[in-house]
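Reading the structure
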Amino acid sequence: MIKIDLEPSYILHIRPYRESSQLIDVLTRNHGLLRMVSRGSRGSKSKIQYFQKILISYSGKSELKKLIKFEMDDYPRIFLGEKLMLGIYLNELITRLLLHEDPHPEIFKIYGECIQNLFNADHSKSLWILRIFEHQLLNFLGYGIECREDINGTVIDNNAQYDFIDQEGFHKSSKGKISGKLIQALSVQDIEMVPSDVELKICRNLNRERLAPYIGDKPLQSRKLFEGLKK
Amino acid sequence: MIKNLIKSFTKLPGVGNKTAQRFAYHLLERNREAGMELAKSLELAMTHVKNCKDCQTLTENDICSICADPDRDNSILCIVETPNDLNLIEESGIFKGKYFVLGGYLSPIDGITPEDLGLDILESKIKESEIIEIILATNATIEGEVTAHFIKNMTKGLNLNVTRIAHGIPIGGELEYADSNTIAHALSDRKNYS
Ligand SMILES: [Zn+2]
């Protein structure tokens, strides 16, 4: 029986399991994405919280781990309204893109930074923070694209326009929708520079195109729900 | 037959195999009359209880007693997750409006959609009726908040007062025994003291 003590983790999703238990998707720092069963925890007084770093002790050799105990290692972040929807999207994205038990300490780190930044951000900035996270996530999973040079090996020009070509990179084109400035901002992950609404939309579409092959046929449910909201 | 009975009891929440055995042998050995009565009530309830056409709570009639009550205030609608939540609010005796029972919560990752909860029905209900206030009384869980947010968003453009039940320190409770999330919620939901 393998037992791990006080592993830094974030909760990504909790669903009811059998009569009184819960199935929990957890992003751990050193052991990647895991699924745990927490016995008899439904309706229990000490509630495990989202968007808050916890230390989790668990055991088990099979894919389904058994949660032994947890303690908070962070202050609470209460996400409400739109921010909550963004947080849920973030969590679903990770559960869909990461393989189980595939360690990614760097993704654990950027997730922590992302929820902290989201917590403090206003609407436009929240969206930009998500776009940067998607970019970082793709990079760390090995699906990164060249953002300093275009597909011809020329340095990205801040004042030029580009098209994105799947699996290849950016192609300079006067009719291109993506500005060199935006590509640069994404590339250096500049969360202070908040793009305009139009640029945010362009960036959303760019990332969506980049993510699509790894998300697969089943659409992200949180995205669907989010799109059903009135603007 | 006995095995089947025991297995049936384990379908109840919080009832494991041992308790189920106790239930079964108790009825068989000592209280057949109560057993027959239980069987009859179960049969009747399972056959005749349905969802209220108006608010979706459980009732044996087409319209439940609250919806049918002319003394209830039609202008305030309280939205809850389950019929049991409705009962708990009724027991508090403080609410005199009407209800809408979702029968669950939105959970996109688990594929529970707005249609599953009858939110389309709720939307037309809100638009067509004389409602001026909606109280979002879904749970203080992630899913309860997502559900509340979605319904709030549905009311955009309508002239409605949308409120959310407060979450915080239990009455008679001490701060010392509340977890940090509850305290954070209670602080952000604080109101003027008078
Ligand atoms: Zn009713």
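This is a predicted model, so every value here is computed, not measured.

Considering the overall build of chain A
Within chain A, the secondary structure is distributed over six helices and eight strands. In sequence order, chain A lays out its α and β elements as β-β-β-β-β-α-α-α-β-β-β-α-α-α. Scaling as 2.2 N^0.38, a compact globule of 231 residues should have a C-alpha radius of gyration of about 17 Å, and chain A matches this with 19 Å. Overall, the C-alpha framework of chain A stretches about 60 × 35 × 30 Å when taken along its three principal axes. The buried share of chain A, taken over its 231 residues, is 35%.

Quick notes on the overall build of chain B
For chain B, the count of helices and strands is eight helices and six strands. Here the C-alpha radius of gyration of chain B, 21 Å, is well above what a compact globule of 194 residues would show, namely 16 Å. Counting all 194 residues of chain B, 23% fall into the buried class.

Quick look at the sheet that holds strand E3 (residues 76-80) of chain B
All names here are of chain B. Strand order in the open sheet formed by four strands is E4-E3-E5-E6, and the pairing between neighbours is parallel. The two strands at the open ends of the sheet, each matched to only one other strand, are strand E4 (98-101) and strand E6 (161-164). Strand-to-strand twist across the sheet, computed as the mean angle between neighbouring axes with direction ignored, equals 25°. Across four bridges, E3 lies against strand E5 (residues 133-136) in parallel orientation. Across the sheet, the residue bridging to isoleucine 79 is leucine 136, located in E5.

Re the pairing of strand E4 (residues 54-59) of chain A
All names here are of chain A. Looking at chain direction, strand E1 (residues 3-17) and E4 are connected through five bridges and run antiparallel. Counted as the bridge partner of serine 9 is isoleucine 54 from E4. By the bridge criterion, six bridges tie E4 to strand E5 (residues 64-72) in an arrangement that is antiparallel. In the sheet register, leucine 55 faces E5, and the bridge partner there is glutamate 71. Once E4 ends, the chain turns through four residues before running back antiparallel as E5, passing glycine 60 with a positive phi of about 125°.

Some points on the domain arrangement of chain B
Here chain B is partitioned into domain 1 (2-48) and domain 2 (58-173 + 180-186). If you average the C-alpha positions of domain 1 of chain B and of domain 2 of chain B, the two centres end up 33 Å apart.

Quick word on helix H4 (residues 180-187) of chain A
Residues and elements named next belong to chain A. Listed as buried for H4 are Leu182, Ile183, Ala185 and Leu186. Down the axis of H4, the buried set is contained in an arc of 160°. They therefore lie on one face. On the buried face of H4, the contacting elements are helix H3 (123-140), strand E6 (161-165), strand E7 (169-172), strand E8 (178-179) and helix H5 (197-215). Remark: glutamine 189 follows H4 within two positions and exhibits a positive phi of approximately 55°.

Here's the deal with the domain arrangement of chain A
Residue and element names in this part refer to chain A. Parsing chain A into structural domains produces domain 1 (3-72) and domain 2 (81-230). Put simply, the middle of domain 1 and the middle of domain 2, counted by C-alpha atoms, are 28 Å apart. Contacts between the two partners involve 15 residues from domain 1 and, on the opposite side, 15 residues from domain 2. Put simply, the parts of the chain that give the side of domain 1 that touches domain 2 at least two residues each are E1, strand E2 (21-28) and strand E3 (32-38). Per-element tally for the side of domain 1 that touches domain 2: the top contributor is E3, with four residues. Residue classes in the side of domain 1 that touches domain 2 are distributed as six nonpolar, four polar and five charged.

Considerations on the nonpolar core
Judged by nonpolar contacts, the single largest core of 79 residues is most densely connected at Ile94(A) and Ile79(B). For this core, the element with the most residues is helix H1 (residues 81-97) of chain A, which contributes eight residues. Here Ile79(B) is in contact with Phe100(B), Leu102(B), Ile134(B), Ile135(B), Leu136(B), Ala137(B), Thr138(B) and Ile151(B), once residues within four sequence places are set aside.

Some thoughts on the packing of helix H2 (residues 105-120) of chain A against H3(A)
Residue and element names in this part refer to chain A. Relative orientation of the contacting elements H2 and H3 amounts to 175°, with a least axis distance of 10 Å. Judged by the inter-axis angle, H2 sits roughly antiparallel to H3. Between H2, through Glu106, Ile107, Ile110, Cys114, Asn117 and Leu118, and H3, the contact on the second element is made entirely by Ser126, Ile129, Phe133, Gln136, Leu137 and Phe140. Of the residues assigned to the contact of H2 with H3, the class counts are eight nonpolar, three polar and one charged.

Quick word on the interface of chain A and chain B
Between chain A and chain B, the contact holds 25 residues from the first and 20 residues from the second. For the side of chain A that touches chain B, the secondary structure elements donating two or more residues are E1, H1 and helix H6 (221-227) of chain A. By residue number, the principal contributor to the side of chain A that touches chain B is H1(A), which donates five residues. The class makeup of the residues in the side of chain A that touches chain B is eleven nonpolar, eight polar and six charged.

Describing the pairing of E3(A)
Note: E2(A) against E3(A), seven bridges, orientation antiparallel. In the strand pairing of E3(A), Val26(A) is matched with Leu34(A).

Definitions and cut-offs
- Residues numbered from 1 in each chain as written.
- Chains lettered and ligands numbered in written order.
- Predicted model: local features only at pLDDT ≥ 70, side-chain atom pairs only at ≥ 80, totals over all residues.
- Helix = DSSP H or I, 4+ residues; strand = E, 2+ residues; numbered from the N terminus.
- Rg over C-alpha atoms; globule rule 2.2 N^0.38 Å.
- Buried ≥ 20, exposed ≤ 12 C-beta atoms within 10 Å, placed from the backbone.
- Pairing = 2+ DSSP bridges.
- Axes fitted to C-alpha atoms, helices over the stretch in contact; angles between N-to-C directions.
- Domains from an automatic or database assignment.
- Arc of directions from axis to C-beta.
- Contact = placed C-beta atoms within 7 Å.
- Nonpolar A, V, L, I, M, F, W, Y, C, P; charged D, E, K, R; others polar.
- Core = buried A, V, L, I, M, F, W, Y, C linked by C-beta atoms within 7 Å.
- Parallel < 35°, antiparallel > 145°, perpendicular 65-115°, else oblique.

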